[in-house]
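Reading the structure
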Amino acid sequence: MKWRLEIVHTTKYTYEEDVYSSYNEVRMTPKNTSNQLLLSSSIAVSPRASLYNYSDYFGTAVTYFDLHRRHNNLDITSSSHVELDDPRGRGIRLTPAAMNDTDFCDAFSEYLAPTPYTQIPSGLAEETFASVRGLDLVEDRVAQVMDFVTGNLHYRSGITKVSSSAAEALGVGFGVCQDFAHVAIALLRSIGVPARYVSGYLYPNKDPLVGESSIGESHAWVEAFVGEWIGMDPSNSVDRTNHLYVTVAKGRDYHDVTPFRGIYFGGQSSPPIVTVTMTRRA
Amino acid sequence: MTSPFDLYTGSTGAFDEFIVNSNAQDENWLGLAKSIENLGLSELKRRAIEVEQTQSARGITFTVGGLERTFPLDPLPRIISYDEWNKVELGLVQRIAALEAFLDDIYGSQEIVRDKVIPKRVVANATQFSRSAAFPLMEYQMRITVAGLDLIRDEKGELVVLEDNLRTPSGVSYVIENRRAMARILPELFENYEIEPVTDYPSRLLASLISQAPPQVSDPLVVVLTPGVYNSAYFEHAFLARQMGVPLVEPRDLFAKGNEIFVRTTKSSKRVDVIYRRIDDEYIDPVFFRPDSYLGVPGLVNAVRAGGVTIANAVGNGVADDKLTYAYVDEIIDYYLHQKPILKNIETYRLEDPDVRAFVIKNVDNLVVKPVDASGGKGIIIGSQATERELEEVKVAISSNPRGFIAQRIVNFSTIPTVVGNNIEPRHADLRPFIVSSPDGRYVVPGGLSRVALEAGSMIVNSSQGGGSKDTWIIKGRSRPRVTTSFAQSETASQSQITEVKESAQ
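Values in this document were obtained by computation on a predicted structure and should not be read as measured data.

1. Notes on the domain arrangement of chain A
Residue and element names in this part refer to chain A. Under the domain assignment used here, chain A contains domain 1 (3–86 + 258–280) and domain 2 (98–255). For domain 1 versus domain 2, the distance between C-alpha centres works out to 24 Å. On the domain 2 side, the residues contacting the 24 residues of domain 1 number 25 residues. For the side of domain 1 that touches domain 2, the secondary structure elements donating two or more residues are strand E1 (3–26), strand E5 (71–84) and strand E14 (273–280). Among the elements that take part in the side of domain 1 that touches domain 2, E14 stands out by supplying six residues, more than any other. Partitioned by chemical class, the residues of the side of domain 1 that touches domain 2 number 12 nonpolar, seven polar and five charged.

2. Section: the interface of chain A and chain B
Between chain A and chain B, the residue contacts involve 16 residues of the former and 19 residues of the latter. Secondary structure elements with two or more residues in the side of chain A that touches chain B: E1, strand E3 (52–55), strand E4 (61–67), helix H1 (102–107) and strand E13 (260–266) of chain A. Here the side of chain A that touches chain B is built from residues that sort into eight nonpolar, four polar and four charged.

3. Regarding the domain arrangement of chain B
All names here are of chain B. By domain assignment, chain B separates into domain 1 (17–346 + 411–504) and domain 2 (347–410). With centres defined by C-alpha atoms, the gap from domain 1 to domain 2 works out at 27 Å. Facing 19 residues of domain 1, the contacting portion of domain 2 comprises 15 residues. When the residues that make up the side of domain 1 that touches domain 2 are grouped by side-chain class, the tally is seven nonpolar, 10 polar and two charged.

4. So, helix H9 (residues 201–211) of chain B
Buried within H9 of chain B we find Tyr-201, Pro-202, Leu-205, Ser-208 and Leu-209 of chain B. The arc that holds the buried residues of H9 of chain B, viewed along the axis, is 125°, so those residues lie on one side.

5. Focus on the pairing of strand E5 (residues 150–153) of chain B
Neither face of E5 of chain B is exposed, since Asp-150 and Ile-152 of chain B on one face and Leu-151 and Arg-153 of chain B on the opposite face are all buried. Remark: five residues form the turn of the hairpin made by E5 of chain B and strand E6 (residues 159–163) of chain B, two consecutive strands paired antiparallel; Gly-157 of chain B in that turn has positive phi of roughly 95°.

6. Notes on the pairing of strand E15 (residues 367–371) of chain B
Residue and element names in this part refer to chain B. Among the five residues of E15, four are classified as buried, and the element is accordingly described as predominantly covered. In this structure, E15 lies alongside strand E17 (residues 405–409), joined through five bridges in antiparallel fashion. From the neighbouring strand, Pro-371 faces E17, where its bridge partner is Phe-405. Pairing analysis gives two bridges linking E15 to strand E16 (residues 381–382), with the strands arranged antiparallel. When the bridges of E16 are listed, Val-368 appears paired with Ile-382.

The rules behind these values
- Residues numbered from 1 in each chain as written.
- Chains lettered and ligands numbered in written order.
- Predicted model: local features only at pLDDT ≥ 70, side-chain atom pairs only at ≥ 80, totals over all residues.
- Domains from an automatic or database assignment.
- Contact = placed C-beta atoms within 7 Å.
- Helix = DSSP H or I, 4+ residues; strand = E, 2+ residues; numbered from the N terminus.
- Nonpolar A, V, L, I, M, F, W, Y, C, P; charged D, E, K, R; others polar.
- Buried ≥ 20, exposed ≤ 12 C-beta atoms within 10 Å, placed from the backbone.
- Arc of directions from axis to C-beta.
- Pairing = 2+ DSSP bridges.

Below, the structure written as structure tokens:
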């Protein structure tokens, strides 16, 4: 289904005492992909700052700015229009043997190697591999991994932290979308399936009217390479992402796609207030 | 009179630079031995101690295990012939040119990976491959402004490359200080030998840094950025800043604003155009690397990206001195320069191949195992000198992380006569030459830092692990060993040589 969405993503920081300087990077501009067209986008910052842009190693649009006047709040607003469609894959599937090939492993080495966020105990990696060994189709192997993730990790916020690794989330058995994505990526890589982390937005409503606004959310999911990249959302048990998913950034793990990061000097910040408003425009 | 060299026999297995050259009637080495004989070892030592005391008083130190000490200078210089050095110099320039092209490529379109000359994983999975640095430089900027390679002379007498240091190599201040010290310890020899000067280094470095300033700047401000007085090489940072006549700054003296870098001064702030930085990548900008680092300058990487400032060396060079990348340098030279390598590598085992890995694990007691991303000799296991437990640990480490290590054969590298107690004994020594690159060309310091392992038989020469050093002499043309000639009788050319050395020794 083809449609258009307007997304307004605001992040508000309030500081207990004045901040006198800060350096910030924002990754909040949706990408162009095979099923997503970026029609327009803008980022606004208050207090006012000069904004600079670059495209990073992963092709993500980055906006950065620094502030040198005293301030006690910081608002970042990212507004965009995107046209979305359901991904139309070409149905290319490799055999597990083909994915074991040296050239294949080398070409995808970036998405096969563990990162600090996607470490899991080696025993678990071996177990997972043993559990999929009998399956001839790579899709069945991926499905098996997704079943393991949803069976061993339960959605609950406030247990893990933004810095938690896949191993830590599995250890406590609870996590948020970021943890589901890291665990799924770790297990997929452990069975030789290249996997990457996707950050973006999920539209919460299946059949909105044109002009109707909904409160959406920042979200994270996963792409696996099975002959082509396919998207899946382990925290919602969705085995194929669709036109409800707006892609902002892709990378090896959360570190590569962090929506907002920076360094500031001055007072402590309270947790940011984040609002994502998504409106159907066509 | 008996010469202290009479009892000197060199060492077994290794190429001894004095024995081989004196047997070949090399006039320079024989002249050196003759001078020491005339002088007497005790007088040589007396002079060396006197010079060392003044060095110590001037604060020429190196921190070892938290303790400050001088980097002991052995008063016997190492001599390398001009002809051999010419070849080495060409080899160094070739190697750095290729590695510069390699860095430009892998932080750009990665053609060398697409052409399958070097596997993607070797680059992408290197811990020092810096995705934050994956942007093209401006045409006036270099990635490897300063390189310090480690060479050793193998059993056959050939200088080969042990390591490439392309991040923040240190030691050049000792090259310059050692030369000044030697001019006071053995002035007789400076009268008779035409030794290639090393004191040009700071002016060459400054010229390179200035040439890399943003082109619209007419009078560029260059600074040396040090982590601070607790850094083991702080002496060198201060030394180079003083020699170049530029400010020495710490991260807290700098700040970024709108893609430019400024240095705080007592009254206001001044724009900085070029930063010669001696801080590791991971501490340079907390926005990108370690947010917990107080050392960095937030905003620096983006200022570099935007062309507002130049930093030397560039961020991300560590991927090119990764020890697995080292194993591909011959291919890298061929790929970018279409040349045959002039300097050889040591045979290196790539442990990702299961058969190679099995071989290395089986023969680990006869090999050296090195972590791919460490410098300063950290984490190196020399199989023949390791304990059983160390060997077991290294086998486990290799098996669980094959990309993290390489193995090499143990090279019984060359020995050089060194003063030990009241004798002259053979000690293993390596050589670290320094190469300064600028958009206009490259300059190689004649010689470099010879580091000696002070314990008999030891092959650990790193200054950070308590080695000593030697002055390295590249002697131009034929020597004129007239050790008894007085200053007044020597030729004009020699006089100007002495004058130059004495001036710089002040």
